[in-house]
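Chain by chain, the residues:
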Amino acid sequence: MQKIQVICIGKLKESYLAAGCAEYLKRLSPYAQVSIVELPEYRLPQNPSNAQIQAGLEQEGKEILHKLPANALVVSLCIEGKLLSSEQLSEYIGRAGAQGNSVICFVIGGSFGLSEAVKQKSALCLSMSRMTFPHQLARLLLLEQIYRAMSILNHAKYHK
């Protein structure tokens, strides 16, 4: 069974997002072992300077890199990343498993994104959309898309 880890900066604050994530984690259980790792968001002042933002990104990046499983295939969610359809994401996950990648680790940064070090460690930088979403909502959207991808791979009826 494939292992999928989602590393996120920040905790879910809204109960409806937590409930949605819990539902998709439950739905994913027949297909993969999925775990969520929440890391603390670096605290910044109200109007941070570029230097403060960079320091925060670097600190969060160090924490993310420390938590990455050994030999994991890393996929970072980045606004400037590659756009994939649900079918293409499914193919990517399927190919990764076929090539012996037993762990895929998706990374969701905080409000200001991800450090360059994390992006460079990634096999794929993935954009969910050209639109901007709160990073907490991105977690729910990512879990739904992983579930959809696994449904496609397993010929389930979820994806139409």
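Below is a summary of the structure that appears in this document. In this text, all values refer to a predicted model and were calculated from it rather than measured experimentally.

Regarding its fold elements, the protein presents five helices and five strands. Of the regular secondary structure in the protein, the N- to C-terminal order runs β-α-β-α-β-α-β-α-β-α. Compactness check: the protein gives a C-alpha radius of gyration of 15 Å against a globular reference of 15 Å for 160 residues, within 12% of the reference. For the C-alpha atoms alone, the extent of the protein along its principal axes is close to 50 × 35 × 25 Å. Burial analysis of the protein (160 residues in total) assigns 43% to the buried set. In the protein, once contacts between residues fewer than 6 apart in sequence are set aside, the share between residues at least 24 apart is 86%. Working note: accessible area of the protein is about 9,000 Å², and carbon and sulfur atoms make up 51% of it. Charge centroids of the protein, computed over 17 positive and 12 negative side chains, lie 6 Å from each other.

The next point concerns the layout of surface pockets. Its volume calculated, the largest pocket comes out at about 450 Å³. If you go around the largest pocket, you meet 22 residues; those closest to its centre are Leu77, Cys78, Ile79, Gly113 and Phe133. Mapped by element, the contributors of at least two residues to the lining of the largest pocket are β3 (73–83), β5 (124–127) and α5 (135–153). If you tally residues by element for the lining of the largest pocket, the top one is β3, at four residues.

It is worth spelling out the nonpolar core at this point. Val6, Phe106 and Ile146 are the most contacted members of the largest nonpolar core, which totals 29 residues. Those elements that place two or more of their residues in this core are β1 (2–9), α1 (15–28), β3, α3 (86–98), β4 (103–108), β5 and α5. Sequence-distant contacts of Val6, defined by excluding residues within four places in its chain, comprise Ser35, Ile36, Val37, Phe106, Ile108, Leu142, Leu143 and Ile146. One finds Ile7, Ile9, Ile64 and Cys105 within the second-largest nonpolar core, a separate group that totals 14 residues.

The next subject is α1. With 14 residues, α1 extends 20 Å between its outermost C-alpha atoms, agreeing within 8% with the 20 Å of an ideal straight helix rising 1.5 Å per residue. Where α1 is concerned, the buried positions are Leu17, Gly20, Cys21, Tyr24 and Leu28. Down the axis of α1, the sector holding all buried residues measures 100°, keeping them to one side. For α1, the exposed residues set more than 90 degrees away from the buried face come down to Ser15, Tyr16 and Lys26. Contacts made by the buried residues of α1 are with β2 (32–39) and α5.

A few words now on the pattern of salt bridges. In total, this model carries six salt bridges according to the counting rule given. The partner of Lys119 in a salt bridge is Glu80, and the shortest N-O contact between them spans 2.6 Å. Pair noted here: Lys119 is in helix α4 (residues 116–121) and Glu80 is in strand β3, with a separation of 39 residues, a long-range link. The exposure class assigned to Lys119 is buried, which follows from its relative accessible area of 17%.

An order of β2-β1-β4-β3-β5 is seen for the five strands of this open sheet, with the pairing classed as parallel. The sheet is open, and its two edges are formed by β2 and β5, each paired on a single side. Ignoring which end each strand starts from, the neighbouring axes of this sheet average 30° apart. Here β3 runs beside β4; their pairing, made up of five bridges, is parallel. Looking at the pairing, Leu77 lines up with Ile108 of β4.

How each quantity is defined
Residues numbered from 1 in each chain as written. Predicted model: local features only at pLDDT ≥ 70, side-chain atom pairs only at ≥ 80, totals over all residues. Heavy atoms only, no water. Helix = DSSP H or I, 4+ residues; strand = E, 2+ residues; numbered from the N terminus. Rg over C-alpha atoms; globule rule 2.2 N^0.38 Å. Buried < 20%, exposed > 50% of the residue type's maximum accessible area, 1.4 Å probe, protein only. Contact = heavy atoms within 4.5 Å. Areas by Shrake-Rupley, 256 points an atom, 1.4 Å probe, with all protein chains shown as cover. Lys, Arg positive; Asp, Glu negative; His and termini not counted. Charge placed at Lys NZ, Arg CZ, Asp CG, Glu CD. 1 Å grid on protein atoms, 1.4 Å probe; cavity = no way out; pocket = protein on both sides within 12 Å on 5 of 7 lines; lining within 4 Å. Points joined across faces, edges and corners; volume = space filled by probe spheres on them. Core = buried A, V, L, I, M, F, W, Y, C linked by side-chain atoms within 4.5 Å. Expected span 1.5 Å × (residues − 1). Arc of directions from axis to C-beta. Salt bridge = Lys/Arg side-chain N within 4 Å of Asp/Glu carboxyl O. Pairing = 2+ DSSP bridges. Axes fitted to C-alpha atoms, helices over the stretch in contact; angles between N-to-C directions.

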